[in-house]
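# Remarks on the overall topology
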Amino acid sequence: MMFASVEIKVLYVLGHEAMRQMKKANVLISGMRGLGVEIAKNVILGGVKSVTIHDEGATEWNDLSSQFFLTENDIGENRAEASKQHLIALNHYVPVSSYTEKLTKDVLCQYQVVVLTNSMLEEQLEIGQFCHQNNIKFIVADTKGLFGQLFCDFGDDFVVTDVNGEQPISANVSWITKENPGHVTCSDETHHGFQTGDFVTFTEVQGMTELNNCKPMEIKVEGHYSFSICDTTSFSDYKQGGIVTEVKMPQHLTFKCLKEALREPSYQISDFGKINRQGTLHIAFQALHCFVKDYHRLPKPWEKCDAELLVNIAKKLSEEVPSILQDEPLNEDLVRKLAFVATGNLSPINGFIGGVAAQEVMKACSGKFLPLSQWMYFDALECLPEASEEDLAQEETFQSRDCRYDGQIVIFGKDFQEKLKAQKYFLVGAGAIGCELLKNFAMVGLGAGEGGSITVTDMDMIEQSNLNRQFLFRHNDIGKMKSEIAAAVVKKMNPSMNIVAHQNRVGEETENIYDEDFFKTLTGLANALDNVETRKYMDSQCVFYQKPLLESGTLGTKANVQVIIPHVTESYGSVEGSMEKSIPICTLKNFPHAIEHTLQWARDQFEGLFKLRAENVNKYLEEPSFMEQTMTLQEGQAVEILEGVYKSLVADKPKSWADCIAWARRHWQTQYNNIIQQLLHNFPPEQVTSSGALFWSGPKRCPHPLEFDSSNLVHMDYILAAANLFAENYSITGSKDRAAIQQILLSVAIPPFTPKYGVTIHTSDQEMAEAEVSVANNDVEDLKNQLSSREAFSGCEMHPIDFEKDDDTNFHMDFIVAASNLRAENYGIPPANRHKSKLIAGRIIPAIATTTAAVVGLVCLELYKVVQGHRPITAYRNSFINLALPLFSFSMPLPPPKKKYHDIEWTLWDHFDVQGIKPNGDEMTLNEFLDYFKVKHKLEITLIICGKFMVYARCIMAQSKLKELLSQRMSEIMAKLRGKTIEEHVKIIKFEIDYSPKNMEEDEVPTVYYWIQ
């Protein structure tokens, strides 16, 4: 089955089989208020067979607080009909229809999944019973103000094919005992990662071959490197080797129907800090249905009488089924809070619950990931103002006003709404998270009033693959700027939005645009980024300008939120995130044992052969100082670069397409035959280590050289891709004619390989680091002499190639797949198809709309608190979610770490302000700068650093140099170090300083903000 390009990123999250199952599912979503349309949007972007949206009601003012596809012009119109065309435009591969009459059994039986939102309990019970009896997956989703509810019933026997979606764990075996049970010891390179109850199978075991490709067997973990399996006493003796791999086993789950689950609930914990609220909320939501049935309305906002009525109903229900509270008392205050805010309709809450609910729809369709068990309740009461309930109940500002923000005003009041509208926010990024943030900003009215504004910047253009989760973009927007289209779309959602779109990269190069004058007017920042470097830069600006920052990110079904408040929390840069695990160089170079290793090696090959060499050639031809700068590099690096330049300009330079084919063939021979032969010459298959163990054992897989065969498809894939890329470097016209290439290959001479003696091959990165790299001076001098005359190579500029994974005609992925799979064949590693290769080598971040919607909902709940201002750290929540498991983890942010110098405490939010311009208009000299700190702060400065430049180092610099510097102005010193004058827009230079003497308890000192304007 082919999948639409708009669904490719979802494919990387769910996999082919889950997507195939989703393509068979017809989904009905009832209720097109804010929650229903959120679920529909995410399900349609996910790619099911069809979606039918249902609603019998007409659009009201309250709907506009979160229903992003409805406008004031739709008031009075049926919600489903008014939303349909917008939903159709999301994904042309998913048919969307509307239904506006009462749901009947004949209608329901057409669907595999039914979702009810904005429905009464009686309807839920009736439809839920029918769905359970007819094996129709059934979901109830509801939001009331700051509260949310979810229920799932997937039938009596629901099969989950993959609980978590993670790649199966694999480990190298180093020993297996012959006993009952057998004990397996894994290589001690890393922890095996298995858990008791996992199922595994074995391959490549020597000796105890009965285990190879055995049926999946359950294990019991005994330690980080060992576990037990079945009875192995009757098996052959273990000799060596083996790989143990996790097998994902189907899980059969049984769900109760809604009627049973109401009386015997099981809960999915949404917040472990509120675990004791589940029972009360379970009763309170039922009480709310009773209230509406009796009074034909929801409790009035902040109305005490209505709240007490709801409490009394909840008490009665809890007495009827006392087991629900499990001997805990009913939390009456929580019930009152639900009554106070039940008429509210908040976009962030609908975003979070809608994202989770849509993921449950996809689980129901596909069997991929673990469903909710079975109820989930959520509240965000931390968002409420700190005013007392008495004050809130007396405030008229909490009454609805027939405006688009009514659903928000009834919770937070009119004054807070005006505060939201006056905010000035800077959003960096208009991709998936950026689109969701802008939607929420439009719904809550952020910056949508007098004096308010949103500035969004994104330098990227819209691509086809963006459409599956960046829901503001449509097919006819491809090729246009993300920020411009996103701004225009949310302006239609809320015409009051004051939004400005930029197309700038954020960084030092745009500090003339995003300068002090820009930042000082802002009330807050929000990141919607996909790279750590820009996140760190924005974090530094947040600290520099003392502005709150909302930070978030996603990876497939996982997502996180961090709220950063000046002087209250730590910053993004305070915590070193989990760095991506790098593959050891020696593993890549000589000892790969996983397809990830061969793919990374292939990527490195691509960069080295087709990009870096060409870039170095061009630098050599264009920059007179290239040779001098190259010779300042570490030993070995200079020779590698110069050798690459020489080969590109002389030894390997092609004159024709046939030369390109010959180069590709010779390179194939070097990589997949000669180098492997040399490796086996140094380390023969039977070689043992000093301890007597076989060298080629554990993670070290013994390779074998390949013999070129022009009839082998993968061999020819490599030649075709490599030759065309090499030809592109030299602006030579290539060809896809395989028959013609095979004919040319017949005349390519391949010299026989002779192993070299005395060649050192390092077996670990540590060994490589400790080894002294020695390069013969005459090698360097020979290369310098051969490249001494740049004029001789005039006109020989090359075309460097930047890797682009998404163009299937450019040979980039063709090269990566062939190069990786050939090396995998060298080492007996199972190959990877193009899909998996593209994911790993292309460093694609799997993405799905459900996760993005959910996490941005959580971000905007924090936004409420940030805008209120002056909230204690206990009010804020950092969060981590994984919709696959599902897992929801919330924690209070950490305060900024305290440091100390001279008994003065400080945090990252503190700094030294130094006015560099004296009253007479002259600027401080270095000597005056040092004296200032000596007198003002009693600090004897020994070191001054600015970015990568060392400004002053008392213990390192020569006395003559120090004497020369002392009389120079600080900005003058910086200009000389940078090789250019300080730009006019720069008002502050940041210096890091060190001092002496220190005692053992003292840390570093704050950053210096040195003002030159």
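As shown above, the structure is provided for reference.
Let us look at helix α24 (residues 713-729). Spanning 17 residues, α24 covers 24 Å between terminal C-alpha atoms, matching the ideal 24 Å at 1.5 Å per step. In terms of burial, α24 is a largely internal element, 13 of the 17 residues being buried. In this structure N712 caps α24, since a side-chain oxygen of it lies 2.9 Å from the backbone nitrogen of V714. Positioned one or two residues after α24, S731 has a phi angle of 55 degrees, which is positive.

A separate point is unusual backbone geometry. Look at the link from L885 to P886: it is a cis peptide, with omega at -15 degrees. One can find P886 in the loop between β24 (878-882) and β25 (887-891). Going from S996 to P997, the amide bond is cis rather than trans, its omega being -10 degrees. Considering the arrangement of structural elements, one finds P997 in the loop between β31 (988-996) and β32 (1007-1011). Positioned with a positive phi, N118 is a non-glycine residue whose angle comes to about 55 degrees. Inspection of the secondary structure assignment puts N118 in the loop between β4 (113-117) and α6 (121-133). Positioned with a positive phi, S731 is a non-glycine residue whose angle comes to about 55 degrees.

Two numbers describe a pair of packed helices, the interaxial angle and the distance between the axes. Between helix α8 (residues 278-295) and helix α10 (residues 332-341), whose axes approach to 10 Å, the crossing angle comes to 40 degrees. As summarised for this structure, α8 and α10 are arranged oblique, according to the angle between their axes. Between α8 and α10 the crossing geometry is right-handed. Residue-level contacts link T280, L281, A284, F285 and L288 of α8 to L334, V335 and L338 of α10. Tallied by class, the residues present in the contact of α8 with α10 amount to seven nonpolar, one polar and no charged.

Quick look at the sheet that holds β25 now. Here eight strands make up an open sheet; going across it, the order is β20-β19-β18-β21-β22-β23-β24-β25 and the pairing mixed. At either end of the open sheet lies a strand with only one pairing partner, and these are β20 (499-502) and β25. Taking each pair of neighbouring strands and ignoring which way they run, the sheet shows an average axis angle of 10 degrees. For β24 and β25, the ladder comprises five bridges, and the chain directions are antiparallel.

This brings us to the sheet that holds strand β29 (residues 940-946). Read across the open sheet, the five strands follow the order β28-β32-β31-β29-β30; overall the sheet is mixed. Two strands in the sheet have a free side with no partner beyond their single neighbour: β28 (911-915) and β30 (949-953). Strand-to-strand twist in this sheet, taken as the mean axis angle between neighbours without regard to direction, amounts to 30 degrees. One ladder, built from four bridges, connects β31 with β32; its direction is antiparallel. When the sheet's bridge partners are listed, K990 is paired in β32 with Y1009. Against the sheet, helix α33 (residues 970-978) makes contact with β29, β30, β31 and β32, and its axis sits at roughly 135 degrees relative to β30, the strand it touches most.

Reading the values: rules and limits
The numbers attached to residues start from 1 for each chain and follow its sequence in the written order. For a predicted model such as this one, the threshold for reporting local features is a pLDDT of at least 70, and the threshold for listing and counting side-chain atom pairs is 80 or more; totals across whole chains, interfaces and linings nevertheless cover every residue. The side-chain quantities take in all heavy atoms of the structure and omit both hydrogens and water. Secondary structure elements are defined from DSSP: runs of H or I of at least 4 residues count as helices, runs of E of at least 2 residues count as strands, and each element is numbered from the N terminus. Here a helix's expected span is defined as the number of its residues, less one, multiplied by 1.5 Å. Accessible area is worked out with a 1.4 Å probe on protein chains only. A residue is then buried under 20% of its type maximum, exposed over 50%, and partly exposed in between. N or O atoms within 3.5 Å of each other form a polar contact, as long as, within protein, one can give a hydrogen and the other can take it, and as long as residues adjacent in sequence are counted only when both atoms are side-chain atoms. Under this scheme, a helix contributes an axis fitted over its contacting stretch, all axes are lines through C-alpha atoms, and angles between N-to-C directions fall in the 0 to 180 degree range. For classification, angles of less than 35 degrees are called roughly parallel, those exceeding 145 degrees roughly antiparallel, those between 65 and 115 degrees roughly perpendicular, and all remaining angles oblique. Each crossing gets its hand from how the near helix is turned against the far one by less than a right angle, where anticlockwise is left-handed and clockwise is right-handed. Residue contacts are counted whenever heavy atoms from the two residues lie within 4.5 Å of one another. Residues are grouped as follows: Ala, Val, Leu, Ile, Met, Phe, Trp, Tyr, Cys and Pro are nonpolar; Asp, Glu, Lys and Arg are charged; all remaining types, including Gly, are polar. Only strands joined by at least two bridges in the DSSP assignment are considered to pair.

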